[in-house]
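Chain by chain, the residues:
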Amino acid sequence: MDARPINFTLNGQPVSTAIEPHRNLVELLQRFDLFGARESCGQGLCGCCTVLVDGKAVSGCLYFAVWADGKSITTIEALDANGELAPMQQAFVDAAAFQCGYCTPGFILMSQQLLKENPNPSDDDIRHYLSGNLCRCGTYPEVIEAVKAAAKR
Amino acid sequence: MIPFDMVEPTSLREALSLLDPQEPTIRPVAGGTALMLMMKAGVFTPTRLICLHRIEPDFSRIALTDKGELRIGAMATLRELEKDHNVASRLPVLARAMRTLSSVRVRNVARVGGALAHGDPHMDLPPVLSALAARISVAGPNGNRELPLEKLYAGYYETALEKNELITAVTVPAPNGRKAAYMKVTSRTADDWPSLGVAVTFALADGRIRDPIVIVSAATEKVTRMSAAETALQDAAPDKAALQRAGDAAADEVETLSDAHGSAPYKRELLRVYLRRAVREALEENAH
């Protein structure tokens, strides 16, 4: 099927492109050289493809690219756009809350969303909110530590 | 995914006119989180999807009716349902079920109507809302109809909906003090597809269970109301012996299916045990 024109805001900048209905949001972002959202499981289970659409976290692998039309899309690349790490990124560094780093963009975006909704989450709240993010290196204890540290800052 | 066309009608009427009762490769899409999984797995290859995002915003509204019923627009996201203050205060069993329903990201995107119409027996909303005696409003080319949600499920991924019908709303009656619980068993992570779901609601009068509704999901080919278990619970004082009889009745009355989440005999034993636990949880959760 033919690509169709879409216009949206990408990390604060208005952009336009054309894309086919069968492409997903991760594929759309790759066209803009944004590789922080990665399609890993492809089933919405692992969280590596986390992207914010109008301020809400979605799995980019389960979101049609054409649905970005008219929306505001935020990716991990927006967080240090001013040259400084965002507080959540710094907290992950300080707590060594990653090993290979493949899942980290998703964890950081989700953790930011959590603190926006719930500024003082319990361990249980953190575990529930991040249950859809998988870290094959097993850095879960450090992730929880990082989120709690970020909440205090 | 294999290329297909997508159209985005701006009204329910237009969406209905674009559906084709004879053409299974044309389907409506709401949040798309379940449908895309089928498409990625190659079990569904559409020629055209009818996207419902741009239909009238009224179909996303969640509001109390003047009868005290909660009317949930079919295009409301699962997250909107989870966060709704009427759900929190009046239907806590529903709010609790949402917490382990997939992930926040899926709940941000998936829609209530899609979760019901998909017909996947492993989903959480069908058993919980069925036990709450919810009714669905269905629109089609010849007008509207309403049916109890429990009557929607016809088989494995099969519903009583025609291919040119759409769910427009779900209406949940006022709870009127009925006790409710939903328990699911996952054999891997907490938010995984379950091996078993059990939802129960009942009234309690003079220490006895009245008018129970007992629903099983995930372990069976479709969301199923368990009448033998209900008969065992009706007018019973919820003591150990009565719960045991109800659990045994449930285990005897349905056919469980083997899959990656457990064997049929394993799920039968889960049902026997978790039916008892669900009734106990319903009694305890509402005690305070």
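Residues numbered from 1 in each chain as written. Chains lettered and ligands numbered in written order. Predicted model: local features only at pLDDT ≥ 70, side-chain atom pairs only at ≥ 80, totals over all residues.

A short note on the environment of B:Val104
So, step 1. Among the structural elements, B:Val104 can be located in helix α6 (residues 104-109).
So, step 2. Spatially, the C-alpha atoms of B:Val104 and B:Val29 are 20 Å apart, while their sequence positions differ by 75 residues. (Helix = DSSP H or I, 4+ residues; strand = E, 2+ residues; numbered from the N terminus.)

Comments concerning unusual backbone geometry
Residues and elements named next belong to chain B.
So, step 1. Positive phi outside glycine occurs at tyrosine 157, with the angle close to 60°.
So, step 2. As for its placement among the helices and strands, tyrosine 157 is situated in the loop between β8 (153-155) and β9 (158-159).
So, step 3. Of note, the phi angle at aspartate 206 is positive, near 55°, even though the residue is not glycine.
So, step 4. If you trace the backbone, aspartate 206 turns up in the loop between β12 (196-205) and β13 (208-217).

Examining the interface of chain A and chain B
So, step 1. Across the boundary between the two partners, chain A contributes 21 residues, which contact 23 residues of chain B.
So, step 2. Put simply, the parts of the chain that give the side of chain A that touches chain B at least two residues each are β4 (56-59) and α4 (123-129) of chain A.
So, step 3. At 4 residues, the largest contribution of residues to the side of chain A that touches chain B is made by β4(A).
So, step 4. Within the side of chain A that touches chain B, the residues separate by chemical class into 10 nonpolar, 9 polar and 2 charged. (Contact = placed C-beta atoms within 7 Å. Nonpolar A, V, L, I, M, F, W, Y, C, P; charged D, E, K, R; others polar.)

Description of the domain arrangement of chain B
All names here are of chain B.
So, step 1. What the domain assignment lists for chain B is domain 1 (5-51), domain 2 (61-172) and domain 3 (180-285).
So, step 2. Put simply, the middle of domain 1 and the middle of domain 2, counted by C-alpha atoms, are 19 Å apart.
So, step 3. Residue contributions to the side of domain 1 that touches domain 2 peak at 3 residues, all from helix α1 (residues 12-18).
So, step 4. For the side of domain 1 that touches domain 2, the class distribution of residues is 9 nonpolar, 2 polar and 1 charged. (Domains from an automatic or database assignment.)

Topic: the nonpolar core
Residues and elements named next belong to chain B.
So, step 1. Ranked by internal contacts, the top residues of the largest apolar core, which has 133 residues, are Val170 and Val200.
So, step 2. In terms of residue count, helix α11 (residues 264-285) provides more of this core than any other element does, 7 residues in total.
So, step 3. Look past the residues within four positions of valine 170 in its chain and what remains in contact with it is Ile72, Ala74, Val112, Leu116, Leu129, Ala134, Ile136 and Leu149. (Core = buried A, V, L, I, M, F, W, Y, C linked by C-beta atoms within 7 Å. Buried ≥ 20, exposed ≤ 12 C-beta atoms within 10 Å, placed from the backbone.)

Some remarks on the sheet that holds strand β2 (residues 26-29) of chain B
Working definition: the strands of a sheet are paired by backbone hydrogen bonds and lie parallel or antiparallel to each other.
Residue and element names in this part refer to chain B.
So, step 1. One open sheet holds the 3 strands; their spatial order is β1-β3-β2, and the pairing between them is parallel. Each of the sheet's edge strands pairs with one partner strand only, and the pair in question is β1 (5-7) and β2. Across this sheet, the average inter-strand angle for adjacent strands is 25°, counted without regard to direction.
So, step 2. In terms of strand pairing, β1 meets strand β3 (residues 48-51) through 3 bridges, oriented parallel. Each residue of the ladder has a partner; that of methionine 6, found in β3, is leucine 49. (Pairing = 2+ DSSP bridges. Axes fitted to C-alpha atoms, helices over the stretch in contact; angles between N-to-C directions.)

Details of the confidence of the model for chain B
So, step 1. Predicted confidence across chain B gives a mean pLDDT of 96, with 99% of residues reaching 70 or more.
So, step 2. Predicted complex, confidence summary: ipTM 0.96, pTM 0.96. (pLDDT = per-residue confidence, 0-100.)

Some words on helix α5 (residues 92-99) of chain B
All names here are of chain B.
So, step 1. Buried within α5 are the following residues: Val93, Leu94 and Ala97. Take α5 and look down its axis: the buried residues cluster within an arc of 100°, on one side only.
So, step 2. In the core, the buried residues of α5 are packed alongside α4 (85-90), α8 (125-131) and β11 (179-185). (Arc of directions from axis to C-beta.)

Quick look at the sheet that holds strand β5 (residues 70-73) of chain B
Residue and element names in this part refer to chain B.
So, step 1. Across the sheet, 5 strands lie side by side as β4-β5-β10-β6-β7; this open sheet has antiparallel pairing. Looking at which strands have only one partner, the edges of the open sheet turn out to be β4 (62-64) and β7 (143-148). On average, each strand axis in the sheet is inclined to that of its neighbour by 20°, with strand direction left out of account.
So, step 2. Alignment of β5 against strand β10 (residues 166-172), held across 4 bridges, turns out to be antiparallel. Note that in β10 the partner of glycine 73 across the bridge is alanine 169.

Notes on the environment of B:Glu56
All names here are of chain B.
So, step 1. Take glutamate 56: it is sitting in the loop between β3 and β4.
So, step 2. Using a count of 15 C-beta atoms within 10 Å as the deciding quantity, one classes glutamate 56 as partly exposed.
So, step 3. For glutamate 56, the residues in contact, after removing those within four places along its chain, are Ser11 and Leu12.

Comments concerning the pairing of β11(B)
Side-chain direction in a regular strand flips from residue to residue, so the side chains alternate between the two faces of the sheet.
Residue and element names in this part refer to chain B.
So, step 1. Summarising burial for β11: 7 of the 7 residues are buried, a large majority.
So, step 2. Taking every second residue as pointing to the same face, both faces of β11 are buried, with Lys179, Ala181, Met183 and Val185 on one and Ala180, Tyr182 and Lys184 on the other.
So, step 3. Where β11 lies against β12, 7 bridges are found, and the strand directions are antiparallel. Bridge pairing in β12 places tyrosine 182 opposite alanine 199.

Observations concerning the domain arrangement of chain A
Residue and element names in this part refer to chain A.
So, step 1. In terms of domains, chain A is made up of domain 1 (4-77) and domain 2 (87-152).
So, step 2. Its C-alpha centre places domain 1 at a distance of 22 Å from the equivalent point of domain 2.
So, step 3. Taken together, the contact pairs 12 residues of domain 1 with 12 residues of domain 2.
So, step 4. The residue makeup of the side of domain 1 that touches domain 2, split by class, is 8 nonpolar, 3 polar and 1 charged.

Description of the environment of B:Ser263
Residues and elements named next belong to chain B.
So, step 1. You can see serine 263 is positioned in the loop between α10 (240-253) and α11.
So, step 2. Look at serine 263 and you get partly exposed, because 13 C-beta atoms sit within 10 Å.
So, step 3. It is 31 Å that separates the C-alpha atoms of serine 263 and lysine 179, two residues lying 84 residues apart in sequence.

Quick word on helix α5 (residues 140-152) of chain A
Residue and element names in this part refer to chain A.
So, step 1. The terminal C-alpha atoms of α5, which comprises 13 residues, lie 19 Å apart, in line with the 18 Å expected from a rise of 1.5 Å per residue.
So, step 2. Among all positions in α5, only Val143, Ala146, Val147 and Ala150 are buried. Buried positions in α5, seen along its axis, are confined to an arc of 95° and lie on one side of it. Those residues of α5 that are exposed and angled more than 90 degrees off the buried face are Pro141 and Lys152.
So, step 3. Close packing links the buried residues of α5 with α2 (87-95), α3 (104-117) and α4. (Expected span 1.5 Å × (residues − 1).)

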